[in-house]
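Descriptive structure summary
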Amino acid sequence: MGMRFTDREQAGRLLAAALPQFRGRPDAVVLGLARGGVTVAAGAAAALQLPWDVLPVRKLGIPGHRETAFGALAAVNGRVVRVLNRPFVDELLELGIPQSALDEVVRFEQAELERRSGVYPGPRLPLAAKTVIVTDDGMATGATMRAAVEAVRAAGAATVVVAVPVASLEAQASLQQLADAVFSLFIPGQFRAVGSYYRAFRQVRDDDVVRLLGARAG
């Protein structure tokens, strides 16, 4: 059986223990992908004594199979970055999924991203010339993390570090080509759903994100 984390907050503390080189660095900030990565970010940032913020993202899931991503969206500084897995999109089109259906997914998820950005705008921390540690509760395909990395780079980050508790081999390899560094505590040979590596993995809600951000400010 694979490694299991108690919950997202504990996973964040374990990540921090693996990243002592960033502890207290004045040029470093932590971003948590909303919504599951926010609790991880809060735990990691507290242990590292770093400021943290939220990065709204949305997976673009195949119609009828929403957990399988053909791309993702990320919002930063009022700009939405879209990343598509173009070879996979071409496969879907060849299988008979119409482009209009994929376009509808993009429209729906962009509207949801805009809604969430209205609830918890982010990130508000300055990212230009910073070392930005981007975290989530796990990476299956890595689609949302790729969008997040590109968004953070577009915001002027000097260095982008990806840090997650668990990642698939595929996601780890793809992010190593995009980020300056990738830290994954656990890379199972046969990846299951992210939630299967946690003992407690309840859904993170909008009000959870708002509460965590409020506690940070306090």
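Residues numbered from 1 in each chain as written. Predicted model: local features only at pLDDT ≥ 70, side-chain atom pairs only at ≥ 80, totals over all residues. Heavy atoms only, no water.

**Section: the environment of D53**
Locating D53 in the fold gives a position in strand β2 (residues 52–62). Distance in space between the C-alpha atoms of D53 and P63 is 31 Å, their sequence separation being 10 residues. (Helix = DSSP H or I, 4+ residues; strand = E, 2+ residues; numbered from the N terminus.)

**Here's the deal with the packing of aromatic side chains**
Evaluation of the coordinates by the stated rule reveals five aromatic pairs. Considering the side-chain rings of F5 and Y198, the 5.4 Å spacing of their centres and the 45 degrees angle between planes classify their relative orientation as tilted. With a gap of 193 residues between them, F5 in the segment before α1 (8–17) and Y198 in the loop between β7 (181–186) and α7 (206–217) connect regions that are remote in the sequence. Note on accessibility: F5 and Y198 belong to one class, buried. Relative to Y197, the ring of F186 lies with its centre 5.7 Å away and its plane at 75 degrees, an arrangement referred to as edge-to-face. You can see F186 sitting in strand β7 and its partner Y197 sitting in the loop between β7 and α7, a full 11 residues away along the chain. Taking the relative accessible area as the measure of exposure, F186 reaches 19% and is therefore buried. Assessed through its relative accessible area of 0%, Y197 is described here as buried. Here a set of aromatic residues connected by ring pairs shows up, and it is made of F5, Y198 and F201. Stacked on the ring of F201, the Lys or Arg R8 has its end atom at 4.0 Å from the ring centre. (Phe/Tyr/Trp six-rings, centres within 6.5 Å; stacked < 30°, edge-to-face > 60°. Buried < 20%, exposed > 50% of the residue type's maximum accessible area, 1.4 Å probe, protein only. Lys NZ or Arg CZ within 6 Å of the ring centre and 35° of its normal.)

**Re the side chain of T131**
Position of T131 relative to the elements: it lies in strand β5 (residues 131–135). Reaching out from T131, the side chain makes a polar contact with the side chain of R25 at a distance of 3.2 Å. If we ignore the near neighbours within four places in the chain, the residues touching T131 are F22, R25, D27, A28, V29, T159 and V161. (Polar contact = N/O pair within 3.5 Å; in protein donor to acceptor, adjacent residues only side chain to side chain. Contact = heavy atoms within 4.5 Å.)

**Some details on the nonpolar core**
In terms of nonpolar packing, the biggest core is built from 32 residues, with L55, V132, V134, M139, M145, V152 and V162 touching the most fellow members. Contributing elements (two or more residues each) for this core: β1 (28–34), β2, β3 (65–76), β4 (79–84), β5, α5 (143–154), β6 (159–166) and α6 (169–176). Apart from the residues within four sequence positions on either side, V132 is in contact with V29, L31, L127, V152, A157, T159, V160 and V161. Membership of the second largest hydrophobic core comes to 25 residues, among which are A16, A44, L50 and I133. (Core = buried A, V, L, I, M, F, W, Y, C linked by side-chain atoms within 4.5 Å.)

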